[in-house]
Amino acid sequence: MLKMLTKKDEVNVMSVKVNMAEVLKMRQSQEIDKPYGSSDSKFPLFKTPVNERLLVYIPSLNVIEHEDGTSTNDVLETALHNYKLGKKFGTITCISGIDNDSPIAEILGYKDHTCPACDAVNECWNLVNAKTEAKAKELGVNPENDPEEVLKPFRKKYIQDMVMTRASKYVTFPIVVIPHKGNRLTGESESGMSAYYVTMTEQRYREKVCASLSTLFNNPGHIGGRFMVWDFTYDSNGAQHNARDSAKNAKFNIIIDPAALQAFEPIRAKAEELAKEFTNIKALEVLTALEPVEYSKLNSSVDSVMKETRKILAMVSEGSDIAALPSAPEKILESFSATPLSDGNLGVTEIASADANATAGAHRFD
Ligand SMILES: [Zn+2]
């Protein structure tokens, strides 16, 4: 598509003359963040399988046994902001509420700073409010007195268009995926096991993954050391299955059948061995979205994401008629993205991180 368009030097985009060479230059410099993934192939990130049912073992390397006989599973917690810019999605670390006295906060330059992404969320809300006001004026509706809720669908759309979302808590932990047939091990089960890091929202972890612990007679309160079925199959009503809906429909169940557990027991040691280097510290080192980022870099990432939003906000404060502005300048960029984003996100507004040009299936499992 881009090739075809560059035959001309200038084309009209939304009735604005745009120099295509400049557009190309702008696109090439649009480095925002690395797509979410692992920088080390020895420590891959789990991707949502499409319509598959997996046998999964949760290694116990992060399980801490306490003196009173209880135990906990120490998953890595991170607060991340999701952003979307046209078809580009990604995450930015939230530094709100971090320990300011930590020497690391000093080294990374976080000290005495608020989170730039949290501040950006406020700016996005300002834009939502400005757009709503403009729409109200255009339709002659008083926003304070709108019993028919005429403005509601517009406001909803403006909220969906926010390029930065408030931070969500994510958890990361290792899993081992075991080849299986039905609920049985196969000849390849032991040799074909693979360890991965999984990142998902803390809410999903708590409400979906750990919820199945309630089926246990003695609930240890965590899933460390358990065999589970992670079921991503779903009825697509004849449509093609995809990662997004697979993730949305995922079910997580702890295996409690004694016969199955007895059959799986011999591979436990191998699974633990495979995952033994998948520590929380390693995750910080290899998973791009979890890497510690200096304040200046964080700030410039936020600046890149917020560029268009700020431009529109400035126009509004200068008194431009917002209704006359393109509703989303990102659309200009969007029209040059040939590859639709395939993401595996689960939450309604949660966004998986993937480059617009990434191959289908490059997504974080949320
Ligand atoms: Zn933040």
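Computed from a predicted structure; not experimentally measured.

1. Some points on the overall build of the protein chain
(1) Moving on: Looking only at helices and strands, one finds twelve helices and 13 strands in the protein chain.
(2) Moving on: Across the protein chain, every contact between residues at least 6 apart in sequence was considered, and the portion connecting residues at least 24 apart equals 71%.

2. Things to note about the pairing of strand β6 (residues 76–85)
(1) Moving on: For β6, the tally of buried residues reaches eight of ten residues, placing the bulk of the element in the interior.
(2) Moving on: Pairing analysis gives five bridges linking β6 to strand β8 (residues 168–178), with the strands arranged antiparallel. Note on β8: the bridge partner recorded for T78 is Y170.
(3) Moving on: Where β6 lies against strand β7 (residues 88–93), six bridges are found, and the strand directions are antiparallel. Paired with L85 across the strands is K88, a residue of β7.

3. Here we look at helix α4 (residues 116–139)
(1) Moving on: With 24 residues, α4 should reach 34 Å at 1.5 Å per residue; the first-to-last C-alpha distance of 35 Å fits that figure.
(2) Moving on: Where α4 is concerned, the buried positions are P116, A117, A120, V121, C124, L127, K131 and K135.
(3) Moving on: Buried residues along α4 sit in contact with β6, β7, α5 (152–160) and α11 (295–317).

4. Some remarks on the pairing of β8
On a regular strand, one side chain projects to one face of the sheet and the next to the other, so that they alternate.
(1) Moving on: With nine of eleven residues buried, β8 lies mostly within the body of the structure.
(2) Moving on: Pairing analysis gives three bridges linking strand β3 (residues 53–57) to β8, with the strands arranged antiparallel. Across the sheet, Y57 pairs through a bridge with V176, a residue of β8.
(3) Moving on: Note that β8 and strand β11 (residues 194–201) share eight bridges and pair antiparallel.

5. A short note on the environment of R166
(1) Moving on: Looking at the element boundaries, R166 is found in the loop between α5 and β8.
(2) Moving on: When the C-alpha positions of R166 and C94 are compared, they lie 8.9 Å apart, and in sequence the two are 72 residues distant.

6. Side note on the nonpolar core
(1) Moving on: Membership of the largest hydrophobic core comes to 60 residues, with the highest contact counts inside it found for M164 and V176.
(2) Moving on: It is β8 that provides the largest number of residues to this core, a total of six residues.
(3) Moving on: What V176 contacts, discounting residues up to four positions off in sequence, is V56, Y57, P59, M193, S194, A195, A271, L274 and A275.

7. Quick word on the environment of P116
(1) Moving on: With respect to the helices and strands, P116 occurs in helix α4.
(2) Moving on: What makes P116 buried here is the crowd of 23 C-beta atoms within 10 Å.
(3) Moving on: Sequence separation of P116 and S300 is 184 residues, and the distance between their C-alpha atoms is 9.1 Å.

8. Quick word on the packing of α4 against α11
(1) Moving on: Where α4 meets α11, the axes come as close as 10 Å, and the angle between the chain directions of the two elements is 20°. In terms of orientation, α4 lies roughly parallel with respect to α11. Note on packing geometry: the crossing formed by α4 with α11 is left-handed. Counted together, P116, A117, A120, E123, C124, N126, L127 and A130 of α4 and L298, N299, V302, V305, M306, T309, R310, I312, L313 and V316 of α11 form the full contact between these two elements.
(2) Moving on: Of the residues in the contact of α4 with α11, the class split is 13 nonpolar, three polar and two charged.

9. Section: the packing of α4 against α5
(1) Moving on: Viewed as axis vectors pointing N to C, α4 and α5 meet at an angle of 150°, and their least axial separation amounts to 9 Å. In terms of orientation, α4 lies roughly antiparallel with respect to α5. Every pair of crossing elements has a handedness; the one defined by α4 and α5 is right-handed. Residues V128, K131, T132 and K135 of α4 form the contact with α5, whose own contacting residues are F154, R155, Y158 and I159.
(2) Moving on: Grouping the constituent residues of the contact of α4 with α5 by class yields four nonpolar, one polar and three charged.

10. Overview of the confidence of the model for the protein chain
(1) Moving on: Per-residue confidence for the protein chain averages 80 on the pLDDT scale, and 77% of its residues sit at or above 70.
(2) Moving on: Considering only residues more than four positions removed or in separate chains, one finds that residues 28–33, a stretch of pLDDT under 50, has nine contacts.
(3) Moving on: With pLDDT under 50 throughout, residues 328–366 is counted as low confidence; its partners more than four residues away or in other chains account for 107 contacts.

Basis of the calculations
Residues numbered from 1 in each chain as written. Predicted model: local features only at pLDDT ≥ 70, side-chain atom pairs only at ≥ 80, totals over all residues. Helix = DSSP H or I, 4+ residues; strand = E, 2+ residues; numbered from the N terminus. Contact = placed C-beta atoms within 7 Å. Buried ≥ 20, exposed ≤ 12 C-beta atoms within 10 Å, placed from the backbone. Pairing = 2+ DSSP bridges. Expected span 1.5 Å × (residues − 1). Core = buried A, V, L, I, M, F, W, Y, C linked by C-beta atoms within 7 Å. Axes fitted to C-alpha atoms, helices over the stretch in contact; angles between N-to-C directions. Parallel < 35°, antiparallel > 145°, perpendicular 65-115°, else oblique. Left-handed = near helix turned anticlockwise from the far one by under 90°. Nonpolar A, V, L, I, M, F, W, Y, C, P; charged D, E, K, R; others polar. pLDDT = per-residue confidence, 0-100.

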